[in-house]
Amino acid sequence: MTLEQTLPICIAGEWRLGRGERYATCYPATGEAVAWLNAASVEDVEDAVQGAHQAFLHSGWAQRKPHERASVLYRIAELIRERSEDLAQLQRQDNGKPINETRALVASAAGTFQFFASACETLEETITPSRGDFVSMSVYEPMGVIAAITPWNSPIASEAQKVAPALAAGNAVVIKPAEITPLMALQLARICEDAGLPKGLLSVLPGKGSLLGDALTHHPLVKRVSFTGGTKTGKHIAHIAADKMMPVSLELGGKSPTIVLDDADLDHAVAGVLYGIFSSSGEACIAGSRLFVARALYEPFMARLVVAAAELRVGDPADERTQMGPLISAGHRESVERYVALGLAEGGRLLLGGERPSGGIYDRGYYYPPTILEGLNNGQQVCQEEIFGPVLVVMPFDDEEQLLEQANDSLYALAAGIWTRDYKRAWALGRKIQAGTVWINTYKQFSISTPFGGWRDSGLGREKGRLGILQYMEQKSLYWGMNEQPLAWAGVQREVGL
Ligand code: NAD
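In this text, all values refer to a predicted model and were calculated from it rather than measured experimentally.

Calculation criteria
Residues take numbers from 1 onward in each chain, read along the sequence in its written order. At least 70 in pLDDT is required for a residue's local features to be given in this predicted model, at least 80 for side-chain atom pairs to be given and counted, and no such filter applies to totals for whole chains, interfaces and linings, which use all residues. Calculated side-chain values reflect all of the structure's heavy atoms, with hydrogen atoms and water omitted. We count a stretch as a helix when DSSP gives it H or I for four or more residues in a row; a strand needs E for two or more, and each element gets its number in order from the N terminus. Radius of gyration means the value over C-alpha atoms here, while the globule rule gives 2.2 Å times the residue count to the 0.38 power. Any residue under 20% of the maximum accessible area for its type is buried, any over 50% is exposed, and the rest in between are partly exposed; the area is computed with a 1.4 Å probe on protein chains only. For the charge count, each Lys or Arg is scored as positive and each Asp or Glu as negative, with His and the chain ends excluded. For the purpose of locating charges, the reference atoms are NZ of Lys, CZ of Arg, CG of Asp and CD of Glu. Throughout the structure description, domain borders are defined by an automatic or database domain assignment. In this analysis, two residues are considered to be in contact whenever any of their non-hydrogen atoms come within 4.5 Å of each other. Here the buried area means the combined drop in accessible surface, using a 1.4 Å probe, for two parts upon being joined, counting both sides. Basic side-chain nitrogens of Lys or Arg form a salt bridge, by our definition, when they fall within 4 Å of a carboxyl oxygen of Asp or Glu. Here a polar contact is recorded for every N or O atom pair within 3.5 Å, except that within protein the pair must consist of a potential hydrogen donor and a potential acceptor, and residues adjacent in sequence are included only if both atoms are side-chain atoms. Each Phe, Tyr or Trp ring, with Trp reduced to its six-membered ring, pairs with another whose centre is within 6.5 Å; inter-plane angles below 30 degrees give stacked pairs, above 60 give edge-to-face pairs, and intermediate values give tilted ones. For a ring to carry a charge above it, either NZ of a lysine or CZ of an arginine must fall within 6 Å of the ring centroid while also lying within 35 degrees of the normal to the ring plane. Two strands form a pair only when DSSP identifies at least two bridges running between them. Note on handedness: a crossover is taken as right-handed if, strands pointing away from the viewer, the path from the first strand over the helix to the second is clockwise. Here a residue is considered near a molecule or strand provided that any single heavy atom belonging to it is located within 4 Å of it. Only the protein chains shown count as cover for residues, and all accessible areas are computed by the Shrake-Rupley method using a 1.4 Å probe.

## Things to note about the overall build of the protein
A count of helices and strands for the protein gives 15 helices and 23 strands. For the protein, whose C-alpha radius of gyration is 25 Å, the value lies close to the compact-globule estimate of 23 Å for 498 residues. Oriented by its inertia axes, the alpha-carbon framework of the protein measures out at about 90 × 60 × 40 Å. Residues counted as buried form 55% of the 498 residues belonging to the protein. The protein carries 46 positive and 57 negative side-chain charges, and their two centres are separated by 2 Å.

## Some thoughts on the domain arrangement of the protein
Under the domain assignment used here, the protein contains domain 1 (6-252 + 458-478) and domain 2 (257-440). The gap between the C-alpha centroids of domain 1 and domain 2 is 31 Å. Between domain 1 and domain 2, the contact holds 24 residues from the first and 28 residues from the second. In total, about 1900 Å² of surface goes out of reach between domain 1 and domain 2, with carbon and sulfur atoms giving 53% of it. By the criterion of area lost to domain 2, the three top residues of domain 1 are Pro28, Trp152 and Ser458, representing 28% of everything that side buries. Taken together, domain 1 and domain 2 are joined by two salt bridges. The partner of arginine 103 in a salt bridge is glutamate 320, and the shortest N-O contact between them spans 3.2 Å. Taken together, domain 1 and domain 2 are joined by 10 residue pairs in polar contact (both at pLDDT 80 or more). Contributions of two or more residues to the side of domain 1 that touches domain 2 are made by helix 3 (84-95) and helix 4 (99-122). Broken down by element, the residue count for the side of domain 1 that touches domain 2 peaks at four residues, all from helix 4.

## Here we look at the packing of aromatic side chains
Aromatic ring pairs are defined here through the distance separating the ring centres and the angle between the ring planes. For the coordinates displayed, the defined rule picks out seven aromatic pairs. Between the aromatic rings of phenylalanine 115 and phenylalanine 116, the centroid separation amounts to 5.1 Å while the plane-to-plane angle is 90 degrees, which identifies the pairing as edge-to-face. For phenylalanine 116, a relative accessible area of 0% puts it in the buried group. If you follow arginine 190 out to its NZ or CZ, it ends over the ring of tryptophan 15, 3.6 Å from the centre. Of note, arginine 224 hangs over the ring of tyrosine 472, and the distance from its end group to the ring centre comes to 6.0 Å.

## So, the pairing of strand 9 (residues 172-176)
Within strand 9, five of the five residues are buried, leaving the element largely enclosed by the surrounding structure. What you see with strand 9 is no split at all: Ala172, Val174 and Lys176 on one side and Val173 and Ile175 on the other are buried throughout. When strand 8 (residues 145-149) meets strand 9, the two strands line up parallel, connected through five bridges. Looking across to strand 9, one finds that isoleucine 146 is bridged to valine 173. Pairing geometry for strand 9 and strand 10 (residues 202-204), over three bridges, is parallel. Bridge pairing links isoleucine 175 to valine 204 in strand 10. Handedness of the crossover joining strand 9 and strand 10 through helix 6 (residues 183-194): right-handed.

## Considerations on unusual backbone geometry
Positive phi is not limited to glycine here, since alanine 12 has a value of about 50 degrees. The residue alanine 12 is located in the loop between strand 2 (9-11) and strand 3 (14-16) in this model. Notably, serine 281 is not glycine yet its phi reads approximately 50 degrees, a positive angle. By the secondary structure assignment, serine 281 is in the loop between helix 9 (266-278) and strand 14 (290-294).

## With respect to the site of the ligand
In the vicinity of the ligand lie 27 residues, with Thr150, Lys176, Thr233, Leu252 and Glu386 positioned nearest. Within the backbone of threonine 150, one N or O atom sits 2.7 Å away from an oxygen atom of the ligand. The separation between an oxygen atom of the ligand and a polar main-chain atom of glycine 230 is 2.8 Å. Protein contact buries 84% of the 860 Å² of open area that the ligand shows by itself. For the shell around the ligand, the elements supplying multiple residues, two or more each, are helix 7 (209-218), strand 11 (222-228) and helix 8 (231-244).

## Observations regarding the sheet that holds strand 5 (residues 33-38)
Across the sheet, three strands lie side by side as 1-5-4; this open sheet has mixed pairing. Two strands in the sheet have a free side with no partner beyond their single neighbour: strand 1 (6-7) and strand 4 (22-26). The pairing of strand 4 with strand 5 spans five bridges and is antiparallel. Within strand 5, the position partnered with alanine 24 by the bridge is tryptophan 36.

## Re the side chain of histidine 332
Mapped onto the elements of the fold, histidine 332 is located in helix 11 (residues 330-345). Not counting chain neighbours up to four residues away, the residues in contact with histidine 332 comprise Trp152, Glu283, Leu327, Ile387 and Phe388.

## Some thoughts on the environment of glycine 13
As for its position among the elements, glycine 13 is in the loop between strand 2 and strand 3. On the basis of relative accessible area, glycine 13 is assigned to the buried category, the value being 7%. Along the sequence, glycine 13 and histidine 236 sit 223 residues apart, while their C-alpha atoms lie 29 Å from each other. If sequence neighbours within four positions are ignored, glycine 13 has contacts with Glu193, Lys199 and Gly200.

Pasting the structure below:
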């Protein structure tokens, strides 16, 4: 396919042009078009949902034995692995992440399908303790059509986290990827088709969230929305879901604290803090964007951190040595710049960065350097709002009580990091931190077998983990009567001649 051609999209098992506006997806490192496609239209949403509903009812997918569904999911994992280098290169172009990161995301997507294939074939239903002459059971049923709405920062991994458990559970899925990064979801649909997933069970609708995501969320045949994205959008979806009495899972934003206690191993803490905020150019929900350092350590620690941050390699995402690629778009870079200007206006001082790099490739892509601000307090806007870029705000603290108060003083509660040599202190602090994930002497490490999600404005529900599949199933109780006699009450009725 040449660049001038328009990519088809996958609607109810057919590959055809969307009926929305034609647009290009662009490589953030150069601004050049990667592919042209037509967005889906609201009519396409209707076709995709109706097609998914019909496939759910008539393809036999939900009725297949768990090990039979699992074998298709294992095959999807294999195909992702077979095509991994092409996928990683495409994802690099789709969202500008360094190639080593996109390789890891593709590998994680394969692992997610493998994991949920195994969760599918090992999911147990239970016989519950009986309190009468009956056998009582708790079983699970698929829900129907699931809408998976995903952001632009980690395509394929985000999509896999929703699609794999939803399909494993026996559902049909309609993916609404971020408008600016639709290519990986389309590739995933091709792979699912090649792996033998029944036609119509998976559709992909690129385009504007306010139009397509909204239409999907409102659709009466959509039985659950699994959303990853910004908190404002998540709340909007939750309102619509409340009116439909529809369950939702919401993986939202963060402003995660990283804490360096006075007994921390400095080599580990410096490396972990840098990775926590600057990997993925800070475009990560779990970015450790608020750093609290024990005052006794503050000067020496910050001196080391600034030197190490200045050495990070910001550049071409295709270069294996690159640690930070460009930001996703010109508009997003401007938003990051506005936050840095606001931080300075609020009294912050720049320890590093704060200015676009220039010359060579920097003039073509949306690059922004690692940026560190000090001199602010936790209540200020840049310390409270998610910047979603490579900007770290740093604050010293005097005692753990004051530290805890500030670390927890955020609308968000997604993740946190603690650096200390004392595991008793880490335990005490780790239990008091309000966050969905707390990393101790590490950061941004993940396992598909460990549940993930946020508290408060960071979200509702948990993805991943063996029980992640249950999000996409309804629970049902079955009672099997074992009585030789009619129910006593009915017998009483006969005795009194009713
Ligand atoms: P976004 O909320 O703008 O968009 C996310 C998705 O929602 C996109 O597909 C978008 O098209 C769609 N959308 C937009 N408006 C909609 C509407 N009215 N109805 C339905 N869908 C709609 O977020 P973004 O800018 O793409 O992503 C960045 C955000 O995602 C950050 O806040 C980040 O923290 C968050 N995020 C969270 C996690 C997590 O797991 N907690 C992971 C990655 C990103």
